[in-house]
Amino acid sequence: MIDPSFGPLELAVLLAVARLGDGAYGLAIRRDLAARTGRDHSVGAIYTTLARLEAKQLVVSRATDPLPVRGGRTRREFRLTGAGAHALDAARRHAASVWGGVAPTTPDPESA
Amino acid sequence: MTEPPVTAERLLETLGADPEFRDMIVGDLREEHALRLDWDGEHAARRWYRREALRVAPHLLRDGVRRLGWRGTRRAAGTAMTAVVCAYLAHVALVGIVLRATHLLYGDTGTTIRGAVRSWTLDLSRDHPVRGPIALALLLALTALPPLVSGVAAATQGDDAPVFPVLAACAVQLADFLIQLAFGFPGPTGPVWAPGPFVPAWVVVCQCLLVTVGPVVGAAFLVSERARFSAPRTPA
């Protein structure tokens, strides 16, 4: 049985993997999170979280060929599994349920 | 010069993390460093790399602890213990040299390096003959010796995580310092200048055990672990 429970950073990383598709790797995820949340997570935190998600079987990874720009190191790209997609859907439903019935209390700054 | 800072990269390689996990992180840092070279210039890119290396170090260290487990901890402790004992021996030799020099210069007023250092740093007595920069330099050299020796010893064994013996040696040094801070510093003439009580017997016994049993235990660890590290690695 796969445990679908995850913390805020795990959820954010899982969402980033879903958004980035096949091009999801540590640096791309970090940039995506920085652009959306304004928080500059360390690469170590991102990969530790990815390792946890992989252990929970919510993502799978594969290594690319060695790249010169990485000093001959490979890049590990992550992809959402079926269980990961189900977990995201469950998280979305849970959030919608929690927020249900609460109207915005301040005007949306982007529509103003 | 477009390479990232070598020292920072070497630091990340000494933390004992799984090589695959480490390469993912170092590869990302290199990739971002290459981009920042174009965006921000070399100086800012290198500064960014060093800062990020410090930020990811705890993650690599934690992975290293998990990966090395009890066996790695034992190996680190053995190397560190040998280094601490080496430092004690160096201490004895240096104390002898300084005492001899002191006696030649100031007459026979028995003391120890620790007593001299304490008198200088804590201002307990103005009467000690060894004071000032010499005592401080000796203290710094003796304090830095075990971590340095243990790191070098581990690296020459082919250890992929030499930072662990260094940390273990630092821990032993800190414990030794705290014990002496709490119970006073022993010396040939007795710690008349020390604020605490006379050094209790068990502290002396522990220090004697460390100096006598330490080399045997440390050497045994090193020999047993050396065989493992010198064995050719079988391909996965």
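Now for a look at the structure at hand. These numbers come from a predicted model, not from an experiment. (Residues numbered from 1 in each chain as written. Chains lettered and ligands numbered in written order. Predicted model: local features only at pLDDT ≥ 70, side-chain atom pairs only at ≥ 80, totals over all residues. Heavy atoms only, no water.)

## Comments concerning the interface of chain A and chain B
If you look at the interface, chain A gives 19 residues, while chain B gives 23 residues. Of the roughly 1800 Å² buried between chain A and chain B on both sides combined, carbon and sulfur atoms contribute 51%. Broken down residue by residue, the surface that chain A buries against chain B is led by Y47(A), R70(A) and R73(A), which jointly contribute 30%. The interface formed by chain A and chain B contains 11 salt bridges. Where E31(B) meets R75(A), a salt bridge forms, and the shortest distance between an N and an O atom there is 2.6 Å. (Contact = heavy atoms within 4.5 Å. Buried area = accessible area lost by both parts, 1.4 Å probe. Salt bridge = Lys/Arg side-chain N within 4 Å of Asp/Glu carboxyl O.)

## Examining the side chain of T81(A)
Residue and element names in this part refer to chain A. Secondary-structure assignment places T81 in the loop between β2 (76-80) and α4 (82-99). A distance of 3.0 Å separates a polar atom in the side chain of T81 from the backbone oxygen of L58. Among all residues touching T81, those that are not within four sequence positions of it are Q57, L58, V59 and V60. (Helix = DSSP H or I, 4+ residues; strand = E, 2+ residues; numbered from the N terminus. Polar contact = N/O pair within 3.5 Å; in protein donor to acceptor, adjacent residues only side chain to side chain.)

## Some thoughts on the nonpolar core
Formed by 40 residues in total, the largest nonpolar core has its most connected members in I29(A) and Y47(A). Top contributing element to this core by residue count: helix α3 (residues 42-106) of chain B, with 8 residues. Excluding residues that lie within four positions of it along the chain, Y47(A) makes contacts with Y25(A), G26(A), L27(A), R70(A), F78(A), F21(B), M24(B), I25(B) and D28(B). (Core = buried A, V, L, I, M, F, W, Y, C linked by side-chain atoms within 4.5 Å. Buried < 20%, exposed > 50% of the residue type's maximum accessible area, 1.4 Å probe, protein only.)

## Brief notes about the pattern of salt bridges
Tallied over the entire structure, the rule returns 26 salt bridges over all chains. Residue R36(A) pairs with D32(A) through a salt bridge whose shortest N-O separation is 3.4 Å. Within this pair, R36(A) and its partner D32(A) are both found in helix α2 (residues 26-37), separated by 4 residues, close to a single helical turn. The exposure class of R36(A) is exposed, given its relative accessible area of 56%. With its nearest N and O atoms 2.4 Å apart, the salt bridge here joins R76(A) to E20(B). Of the two residues, R76(A) is situated in strand β2 and E20(B) in helix α2 (residues 19-40); the pairing between them involves two chains.

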